[in-house]
Amino acid sequence: MTSSAPKSESTATAPAPKWVQPTLLLAPAGIWLLLLLVVPTLLIFELSLVPNINPGGIVNPSGLDNYLRIVQPERLNVIWRSLLFAIGTTVLTLASGFPVAYYLALIAPQRWQNLLLLGFVLPLWTSSLLRSYAWITILRPTGVLNTFLSSLGLPTLDLLNRAPAVLIGMTYSLLPYMVLILYASLEKLDRRLLEASADLGATPQQTFWKVTVPQSLPGIAAGTLLVFINGLGDFINPELLGGTSSMTAARLIYNQFLGTTQNWGFGSALSMMLIMVVSLAIALLIKYGDNHAKSV
Amino acid sequence: MQSQSRFPWQALFTLLMFGFMYLPIAVLSFYSFNQAPNSAVWTGFTFSWYSQFLQDSRILSALMDSLAVSISAVALSAIIGTLMAIGLARYQFLGKGLYQGMAYLPLIIPDIAIAVATLVFLAAIAVPLSLWTVIAAHVVFCLSYVALSVSTRLVDLNPHLEEAALDLGATPLQALVMVLLPQLMPAIISGCLLAFVLSMDDFLIAKFTAGGGVTTLPMEIFSRIRVSVKPDMNALSVFLMLTSGFVAIVAELMRQRTHKKRFQ
């Protein structure tokens, strides 16, 4: 009771209206994001609807001209390639990242776990450009890999400037993220469930597929989404390792703004499409995640 | 799950993947000391690639531009990102969901889309591109990372400490600076370190928002390695790896220390 007296006194000496504090806290970042993220995104949406003046002088009055350009066969190929790179990278990072995260979270000695995880993701902290550049050194025709192969008398591989090099580079760039997320989810796994499953006579395979995987499904979903989104928007790996044959959506967008033949309207439409695909992926995850939560 | 052998296949596979993660780094380090400029074969030991990039004025000025951008962007983000996280944790208001969505949007939208949108916006309002436009664009994603780090810490904090300070007669500002901020500091610092590393590494957003006179380090590196293999870039890689590896370890130690404190 006595504590309420000084409190009312202090509020009396500071008669700031209720809205002042939240405004001071939230307005600076809010205005910044509104001005430099939301308004720009609306602007490229508007720009994407500005019709092109085609060489023939035919203007599509609906304003969807830039979007119709995307669905032309050659452009559609680019979109497909981007999606395939992103899906391929997701599959590769999940398949190779799960055993690693499993080992680090559940098998490795407890006191080594943090150190091993840090060691695994440490390459993430180096320049992403130089990491891709390192793969050029390894994969180029006279590079490390081929020097090694020919010293063993094996045929050399021509991987650089082709799809395999892009997939290797993207997998390399995104694997640490996948392992980090899977590790966080596997670490929280209730080990007693695994023991109970083994005690009740399940084989290790049964325990893995019926207990471990379902329990870590949220982590798998989050890792898949993160890698897919970053793979879809990746510019550096396709640009440096893919050569001219591996045009992707991100490279195509880049060229519309900084290339020799610029078309900002078309580039904006491509960017909007990228944002929409990413939003769709997130919406699917949320919907799927909810269903999963309900079924458990 | 009890493994039958002392050395399960997952351990072997993890070892293999460690090899995969460190192969490019080993290769860059190895060739940074190789005399032959353009060969996969070892021809002798040299330090000349290191002295070459350390005397390269374009690399050094690009490094200065990068540091100017990252330090300014992170400093500003530390302030407004922390304020935003506190505001979001403390208040309920109309449109909070929208605000939150906007706050973490930069973590989701691909860099290329952010870069394009910022360029179009800057062109529309006729702001000349410069170092300042790069900083403004970097603040957008840096503040998201700071806010993310701070908000996870805020969840674990004891709200009564700040109430106690207010009850004891502290002004809201005093309570914020003297009670809340010291508790948030480890989270602010680790968020800033992450934002700093990502800002130093960013190529796309800088490329789209930098004016003619500005070249950040990733822009300089990109323009060089696209053409051919450059041995002085190997040396630069090793230098950058050691620097950011050091920062990474400091950040991790700091994170672990706060983690331990929380459970004591």
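Residues numbered from 1 in each chain as written. Chains lettered and ligands numbered in written order. Predicted model: local features only at pLDDT ≥ 70, side-chain atom pairs only at ≥ 80, totals over all residues.

Describing the overall build of chain B
Check the secondary structure of chain B and you find eleven helices and zero strands. Listing each helix as α and each strand as β along chain B from the N terminus yields α-α-α-α-α-α-α-α-α-α-α. Considered along the principal axes of its C-alpha atoms, chain B spans approximately 75 × 65 × 30 Å. Across the 264 residues in chain B, those meeting the buried criterion constitute 44%. (Helix = DSSP H or I, 4+ residues; strand = E, 2+ residues; numbered from the N terminus. Buried ≥ 20, exposed ≤ 12 C-beta atoms within 10 Å, placed from the backbone.)

A closer look at the environment of Ser144 of chain B
All names here are of chain B. On the secondary structure map, Ser144 appears in helix α6 (residues 131-156). Separated by 38 residues in the primary sequence, Ser144 and Pro106 place their C-alpha atoms 6.8 Å from one another. Beyond its immediate sequence surroundings of up to four residues, Ser144 is in contact with Ala103, Tyr104, Pro106 and Leu107. (Contact = placed C-beta atoms within 7 Å.)

Things to note about the nonpolar core
Counting 146 residues, the largest nonpolar core has Ala101 of chain A together with Met84, Val116 and Val146 of chain B as the members making the most contacts within it. Dropping the residues within four chain positions of it, Met84 of chain B is found in contact with Leu25, Leu26 and Ala29 of chain A together with Ala103, Leu143 and Ala147 of chain B. (Core = buried A, V, L, I, M, F, W, Y, C linked by C-beta atoms within 7 Å.)

Observations concerning the interface of chain A and chain B
Residue-level contacts link 75 residues of chain A with 77 residues of chain B. Here the side of chain A that touches chain B takes 18 residues from helix α2 (residues 20-48) of chain A, the largest share from any one element. Partitioned by chemical class, the residues of the side of chain A that touches chain B number 54 nonpolar, 19 polar and two charged. (Nonpolar A, V, L, I, M, F, W, Y, C, P; charged D, E, K, R; others polar.)

Remarks on the confidence of the model for chain B
Residues and elements named next belong to chain B. Residues at a pLDDT of 70 or more form 92% of chain B, whose mean pLDDT is 87. Between the elements of chain B, mean pLDDT differs from a low of 76, seen in helix α11 (residues 231-263), to a high of 95, seen in helix α9 (residues 204-209). The complex model carries a pTM of 0.86, and its ipTM stands at 0.85. (pLDDT = per-residue confidence, 0-100.)

Here we look at α6 of chain B
One turn of an α-helix holds 3.6 residues; hence residues three or four places apart share an orientation. All names here are of chain B. If you check α6, its first and last C-alpha atoms are 38 Å apart, about what 26 residues at 1.5 Å a residue would give, namely 38 Å. Within α6, the axis deviates most sharply at Val139, by approximately 30 degrees. Most of α6 sits out of view: 20 of its 26 residues are buried. (Expected span 1.5 Å × (residues − 1). Bend = angle between axes of the 7 residues up to and from the residue.)

Describing unusual backbone geometry
Phi at Asn161 of chain A is positive, roughly 65 degrees, even though this residue is not glycine. Its location among the elements puts Asn161 of chain A in the loop between α7 (144-151) and α8 (163-187). The exposure class of Asn161 of chain A is partly exposed, given the 19 C-beta atoms found within 10 Å. Residues other than glycine seldom take positive phi values, yet Ala126 of chain B does so here, at roughly 55 degrees. Of the residues examined, Ala126 of chain B has 6 C-beta atoms within 10 Å and is grouped as exposed.

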